[in-house]
Amino acid sequence: MTNIYGLSGLRPAAEAVKPLTCPPYDVIKPGTRLEAILKANERSLYHIVLGEEPVETLAAFLRQGLLIEDGEPAFYVYEQRYGTGRRLGFLTSVEVTPYEEKEIIRHEKTFDEKVKGRIRLMEETGYVTEPIWLLTRSGVQEVLEAAAAEEEPVYEFTSDFAGESELSGIENRIFKVPEASSLGAKLKALTARGPLYIADGHHRYHSALRMGLKQCIAYVCQADQARIQAYNRVIRGRRPFAEIKDQLPLKRETAFATPRRHHFAVYTREGIYSYGIEQADESDVVGRLDCRLLENTLYPLLELEHSLINDQRYFDYYAESELVWMQKEVDEGRYDIAVALHPVDPEELMAVAEAGTGDPRIVMPEKSTFFAPKILSGLFLIRTEKR
């Protein structure tokens, strides 16, 4: 049984929610224009989660009324509209339990070294500042739709990060659902029916676990509502693609686009190709993933080992929406080829996560999933409370 609770703590004043909220800390890369935009905004949560004086900034936000205290335990139904897409989830406080209890299930490795900064931030400020993203198989969508239809939003705004984040331009509506209400009771009961699977924010959860917290902030959505973009790659092999392409069952293509499952689109300066794997072992929950099939079929021919996948001399990674940028990388000679994959399905991810509860060595391969759009940080902060 997974326990969730209504949030009580700090949330933005209505007029401050747009400037205060920001993308998750781990997608704000140093030296980027996005970082510069957030730095220049004195009211951004950036100055708490990545700034040099988080304690002083938090105190200033409270003093200025940018953050207000809300002591009524409540869930916050969170609607995002983007292009023709829409996703509903809800913000909650979730009980932090060890992985062995199989209530919160991870799909990737976590490392104590990577969470020291997040633990230090929580210890200094006394607050959990950002949510993790969890998936549920329980049918919460109907309850969320009811809340969005029946309640007036406490926040309604369009995020603006000058086009430097996938969250820029997204229309957000947030609805408050008191924990004591009938809809709140339904959300608690439905969520308790099964485990929750970490989609994004593994190290945020790991930091809460290592710090010994009772609860952390979570965004929960029904698994079939989550959108995983393909995590594509540009590659420069130790051997040029032109030298090895005859060893692959390549077909000529006229456009570089996301392929179907178990197929790969390959963009080169000489032309566009595709090839497929006809006999994948579907009983192997990791081996059947397209990123692993690609690694097993293409990387050896290019004389690239797994240990090099984070080495930017040989690899870089782009979301499914960034095919044009990948082609530019190849056209301008920085990489030899661009490869587009079919996106991972949430059920494939949860199958790996479940297998990993019995054998912790079973995890999703690195650079295999890109959940989009992300979740805004800053919609709620809760006090840290240790067990």
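Scroll up a little and you will see the structure.
About the criteria used
Residues numbered from 1 in each chain as written. Predicted model: local features only at pLDDT ≥ 70, side-chain atom pairs only at ≥ 80, totals over all residues. Heavy atoms only, no water. Patch = residues over 30% accessible without salt bridge, like charges linked within 9 Å, V, L, I, M, F, W, Y side chains within 5 Å. Areas by Shrake-Rupley, 256 points an atom, 1.4 Å probe, with all protein chains shown as cover. Salt bridge = Lys/Arg side-chain N within 4 Å of Asp/Glu carboxyl O. Lys, Arg positive; Asp, Glu negative; His and termini not counted. Charge placed at Lys NZ, Arg CZ, Asp CG, Glu CD. Helix = DSSP H or I, 4+ residues; strand = E, 2+ residues; numbered from the N terminus. Axes fitted to C-alpha atoms, helices over the stretch in contact; angles between N-to-C directions. Parallel < 35°, antiparallel > 145°, perpendicular 65-115°, else oblique. Left-handed = near helix turned anticlockwise from the far one by under 90°. Contact = heavy atoms within 4.5 Å. Nonpolar A, V, L, I, M, F, W, Y, C, P; charged D, E, K, R; others polar. Buried < 20%, exposed > 50% of the residue type's maximum accessible area, 1.4 Å probe, protein only. Pairing = 2+ DSSP bridges. Arc of directions from axis to C-beta.

Draft legend 1. Structural detail: a negative patch on the surface. A cluster of like negative charges, contributed by Glu52, Glu53, Glu56, Glu123 and Glu124, occupies part of the molecular surface. Checked against the element boundaries, Glu123 lands in helix α5 (residues 116-125).

Draft legend 2. The arrangement of the packing of helix α6 (residues 141-150) against helix α7 (residues 182-191) in detail. Contact pair α6 / α7: the axes reach a minimum separation of 10 Å and the direction vectors enclose 160°. In terms of orientation, α6 lies roughly antiparallel with respect to α7. Taken as a pair, α6 and α7 cross one another with a handedness that is left-handed. Note on element contacts: α7 touches α6 through Leu183, Lys186, Leu187 and Leu190, opposite Val143, Leu144, Ala146, Ala147 and Glu150. Of the residues contributing to the contact of α6 with α7, the split by class is seven nonpolar, no polar and two charged.

Draft legend 3. Focus on unusual backbone geometry. For the peptide bond that leads from Ala372 to Pro373, omega is -10°, which places it in the cis range. Turning to its location among the elements, Pro373 is positioned in the loop between β19 (370-371) and β20 (382-383). Of note in the backbone geometry, His262 takes a positive phi value of approximately 65° without being a glycine. In this structure, His262 sits in the loop between β14 (251-253) and β15 (263-267). In this structure, Glu303 is a non-glycine residue whose phi angle is positive, near 60°. Inspection of the secondary structure puts Glu303 in the loop between α10 (290-297) and β17 (315-319).

Draft legend 4. Main features of the pairing of strand β16 (residues 272-276). Of all the five residues making up β16, five are buried; the element is thus mostly covered by neighbouring parts of the structure. A two-sided burial pattern is seen for β16, the buried positions comprising Ile272, Ser274 and Gly276 on one face and Tyr273 and Tyr275 on the other. The hairpin turn running from β15 into β16, its antiparallel successor, is four residues long.

Draft legend 5. A look at α5. What α5 keeps buried is the set Arg118, Ile119, Leu121, Met122 and Thr125. The buried residues of α5 occupy one face: seen down the axis, they fall within an arc of 160°. On its buried face, α5 sits against α3 (46-49), α4 (54-63), β6 (127-128) and α8 (202-211). Phi for Gly126, located one or two positions after α5, is positive at around 80°.

Draft legend 6. Quick peek at the sheet that holds β16. Here we have six strands laid out as an open sheet, ordered β14-β16-β15-β18-β13-β17, and antiparallel in their pairing. Unpaired on one side and paired on the other, β14 and β17 mark the two borders of the sheet. Averaged over all pairs of adjacent strands, the angle between their axes in this sheet comes to 30°, without regard to strand direction. When β15 meets β16, the two strands line up antiparallel, connected through five bridges. Its bridge partner being in β16, Phe264 is matched across the sheet by Tyr275.

Draft legend 7. Spotlight on helix α2 (residues 33-40). Listing the buried residues of α2 in full gives Leu34, Glu35 and Leu38. One side of α2 holds all its buried residues, which, seen down the axis, span an arc of 100°. Those residues of α2 hidden inside the fold are in contact with α3.

Draft legend 8. Focus on the pairing of strand β18 (residues 337-340). Every second residue of β18 is oriented toward a common face, with Ile337 and Val339 on one face and Ala338 and Ala340 on the other, all of them buried. Bridge count for strand β13 (residues 231-235) against β18 is three bridges, and the pairing is antiparallel. Note on β18: the bridge partner recorded for Ile235 is Ile337. Sheet topology places β15 next to β18; three bridges connect them, and they run antiparallel. Note that in β18 the partner of Val266 across the bridge is Val339.

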